[in-house]
Amino acid sequence: MPLKFRKVLIADERYETAGVFDVNNDGIYDIVSGAWWYKGPDFTSCYPIGEVIAVGEYYDDFSTIPIDVNGDGHLDFVTGGWWGNTLRWRENPGQPGVEWPEHVIAKCGNIETTFAWDVDNDGVNELVPNTPNGPLTVYKLDTGPNGRGRGTFTPYTIFDQPQGHGLGWGDISGSGRGDFVLANGWLEAPEDTYRGRWKFHPDFNLGSASVPVLVTDVNGNGLNDLIVGQSHDYGLAWWEQKRDVNGKISWVKHPIDPYNSQYHHMRWVDLDGDGCAELITGKRYRAHCGSDPGTEDQVGIYYFKWNGESFSKQIIDYGPAGQGTGCGIYFDVADLRGRGRLDIIAPGKDGLYVFYNEGS
């Protein structure tokens, strides 16, 4: 049976990113989105974070990654955007109603969005922004002897060519190390993450690829595949990894949903509790403010379940703009009520919503 969801409007705002974490250390999840944080568990009380630069229909705020950057026991968050050309973190003051100071991590150019992955396999996530016009640089949190953050990051550039639109991370080679997926190929990780040479494989062209590109074994054959949305065009597909007798890698593209556009962000999580992950994604409403193919089509958010041969599409929400809702450039999933079911926190230019997972 398909899952049922209850849709709740949290705020009539147009920020395109939201993150879920415990802001005030009370053991309850809160929602952080743009200039505000919303106190859990009902999210009806909100508190200011600080001004976010607006540019036309956009805000310069394309991720909400919780990290205790300065080691004070309060979770901060990392963001960055296209126009500010900076990767930044906002410092949690530990007191509601007080503005969160903003700190620049790096001037790195236009940021599509940022993800946190454990690139060097030390148990701590690094920051990896997708900078389409710039090199691939990983930012490692500087820590003290106690393992806590010192408030600064060290950059490591591992690929000095423009990345293109789209970024993913996961073990493609089978080495046990995480490789990077770019729009026009993938980077094979060396044994020494920061001093070794990353080998580029120009195996494909993913177009205006989603951020992230998911790296996972879709068909269960022991080889990791790719799941890719078209952020600024029609299409959602998975790319099957193949190996010949000599171990040479090739890729076969399989459509998932070629009839919807602006699949910008996605998550691969166990939504229905059966022990297998589902694909959650949807349309980023007005991704390019009306200039993308399909921008006037109806808006939706969906989950796709692998049935052993292909993906089956299940609709969470769908309808014309103003009725249907998408999922912005950076959405989140979390068990907001402690019921053992993952809910979906969906921001966008059409508002901030929670889709409560009510089971099947």
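Our subject is the structure that appears above.
Described in the following lines is the structure provided in the data block. (Residues numbered from 1 in each chain as written. Predicted model: local features only at pLDDT ≥ 70, side-chain atom pairs only at ≥ 80, totals over all residues. Heavy atoms only, no water.)

Description of the sheet that holds strand β28 (residues 332-334)
The cut-off we apply is this: Strand pairing is defined by DSSP finding a minimum of two bridges between the two strands. Elements are defined by DSSP. Helices are runs of H or I of four residues or more, strands are runs of E of two residues or more, and each kind is numbered from the N terminus. Working convention: axes come from line fits to C-alpha atoms, limited for helices to the stretch in contact. Angles between N-to-C directions cover 0 to 180 degrees.
The strand order across the open sheet formed by four strands is β1-β30-β29-β28, and the pairing between neighbours is antiparallel. Either end of the sheet is taken by a strand with one partner, and the two such strands are β1 (5-11) and β28. Averaged over all pairs of adjacent strands, the angle between strand axes in this sheet comes to 20°, irrespective of strand direction.

Focus on the pattern of salt bridges
Condition: The rule for a salt bridge is simple: a side-chain nitrogen of Lys or Arg has to be within 4 Å of a carboxyl oxygen of Asp or Glu. Three exposure classes are used, based on accessible area relative to the maximum for each residue type with a 1.4 Å probe and protein chains only: buried under 20%, partly exposed in between, and exposed over 50%.
As enumerated under the stated definition, the model contains 22 salt bridges in all. Between Lys-349 and Glu-16 there is a salt bridge, with the nearest N and O atoms lying 3.0 Å from each other. Of this pair, Lys-349 sits in the loop between β29 (343-346) and β30 (352-357) while Glu-16 sits in the loop between β1 and β2 (19-21), and the two are 333 residues apart along the sequence. Assessed through its relative accessible area of 3%, Glu-16 is described here as buried. Note that Glu-102 is salt-bridged to Arg-88, the shortest N-O span being 3.2 Å. Remark: Arg-88 occurs in strand β10 (residues 86-90) and Glu-102 occurs in strand β11 (residues 102-107); sequence separation between them is 14 residues. What makes Glu-102 partly exposed here is its relative accessible area of 41%. Residues joined by salt bridges that share partners form a network here, namely Asp-60, Arg-88, Arg-90, Glu-99 and Glu-102.

Re the sheet that holds strand β20 (residues 214-216)
Taking strand neighbours across the sheet as the criterion, the four strands line up as β20-β21-β22-β23 in an open arrangement whose pairing is antiparallel. Of all the strands in the sheet, the pair left with one neighbour each is β20 and β23 (249-255). The mean angle between the axes of side-by-side strands here comes to 25°, regardless of whether they run parallel or antiparallel. Pairing analysis gives seven bridges linking strand β22 (residues 236-243) to β23, with the strands arranged antiparallel. Across the sheet, the residue bridging to Lys-242 is Ser-250, located in β23.

Topic: the nonpolar core
Heads up, the rule is: Each nonpolar core is a collection of buried residues, namely Ala, Val, Leu, Ile, Met, Phe, Trp, Tyr and Cys, held together in the definition by side-chain atoms within 4.5 Å. Any two residues whose heavy atoms approach within 4.5 Å are treated as being in contact.
Core analysis: the biggest nonpolar cluster contains 33 residues, and Ile-105, Leu-127, Leu-136 and Phe-180 have the highest contact counts within it. Taken together, the elements giving at least two residues each to this core come down to β8 (65-67), β10, β11, β12 (113-117), β13 (126-130), β14 (136-143), β15 (149-159) and β17 (179-182). A per-element tally of this core places β14 first, with four residues. The residues touching Leu-136, leaving out its near neighbours within four places in the chain, are Val-128, Tyr-156, Thr-157, Ile-158, Phe-159, Gln-161, Gln-163, Leu-167, Phe-180, Leu-182 and Leu-187. Within the second largest apolar cluster, 15 residues are counted, among which are Leu-271, Ile-280, Ile-344 and Tyr-353.

Remarks on the environment of Asp-225
Note the following rule: Counting of polar contacts relies on pairs of N or O atoms within 3.5 Å, with two restrictions inside protein: one atom must be capable of donating a hydrogen and the other of accepting it, and residues adjacent in sequence are counted only when both atoms are side-chain atoms.
Residue position: Asp-225 is located in strand β21 (residues 225-229). With 188 residues separating them in the primary sequence, Asp-225 and Trp-37 have C-alpha atoms 36 Å apart. Leaving out residues up to four positions away in the same chain, Asp-225 has contacts with Leu-214, Val-215, Thr-216, Asp-217, Val-218, Asn-219, Trp-238, Trp-239, Glu-240, Gln-241 and Trp-251. Of note is the side chain of Asp-225, whose polar atom sits 2.9 Å from the backbone nitrogen of Val-218.

Topic: the pairing of strand β27 (residues 311-319)
For strand β26 (residues 299-306) and β27, the ladder comprises eight bridges, and the chain directions are antiparallel. Note on β27: the bridge partner recorded for Val-299 is Gly-319. The hairpin formed by β26 and β27 contains four residues between the paired strands, and Gly-308 there has a positive phi angle of roughly 105°.

Concerning the pairing of strand β4 (residues 36-39)
Strand residues, when the strand is regular, have side chains that alternate between the two faces of the sheet. Pairing of strand β3 (residues 30-33) with β4 involves three bridges; the strand directions are antiparallel. Bridge pairing links Ser-33 to Trp-36 in β4. Turn length for the β3-β4 hairpin, with the two strands adjacent in sequence and antiparallel, is two residues, and the turn residue Gly-34 shows positive phi of about 65°. Two strands pair when backbone bridges link them, and β4 and strand β5 (residues 45-48) are joined in this way by four bridges, in the antiparallel orientation. Within β5, the residue paired with Lys-39 across the bridge is Ser-45. What sits between β4 and β5 in their antiparallel hairpin is a turn of five residues, with Phe-43 showing a positive phi close to 65°.

Some details on the environment of Ala-287
Note that Ala-287 resides in the loop between β25 (278-283) and β26. The exposure class of Ala-287 is buried, given its relative accessible area of 0%. For the pair Ala-287 and His-264, spaced 23 residues apart in sequence, the C-alpha separation works out to 8.4 Å. Ignoring any residue separated from it by four or fewer positions in sequence, one finds Ala-287 in contact with Tyr-58, Ser-231, His-232, Gln-262, Asp-292 and Lys-349.

Brief notes about the side chain of Ser-63
Within the fold, Ser-63 resides in the loop between β7 (58-59) and β8. For Ser-63, a relative accessible area of 0% gives the class buried. Looking at Ser-63, its side chain comes within polar contact range of the main-chain oxygen of Val-78, at 3.2 Å. In this structure Ser-63 touches Thr-17, Val-78, Thr-79, Gly-80, Thr-113, Thr-114 and Tyr-330, once residues within four positions along its chain are discounted.

Some words on the packing of aromatic side chains
The criterion, for reference: For this analysis, a ring pair means two rings from Phe, Tyr or Trp (six-membered ring only for Trp) whose centres lie within 6.5 Å, classed as stacked if their planes differ by under 30 degrees, edge-to-face if by over 60, and tilted for the remaining angles.
Tallied over the full model, the rule gives 22 aromatic pairs. Aromatic side chains Tyr-302 and Phe-304 sit 6.2 Å apart centroid to centroid with 70° between the ring planes, which places their arrangement in the edge-to-face category. As far as burial versus exposure is concerned, Tyr-302 and Phe-304 are alike and both buried. An aromatic cluster is defined as three or more aromatic residues linked by ring pairs; in this entry it consists of Phe-115, Trp-117, Trp-169, Phe-180, Trp-198 and Tyr-330.

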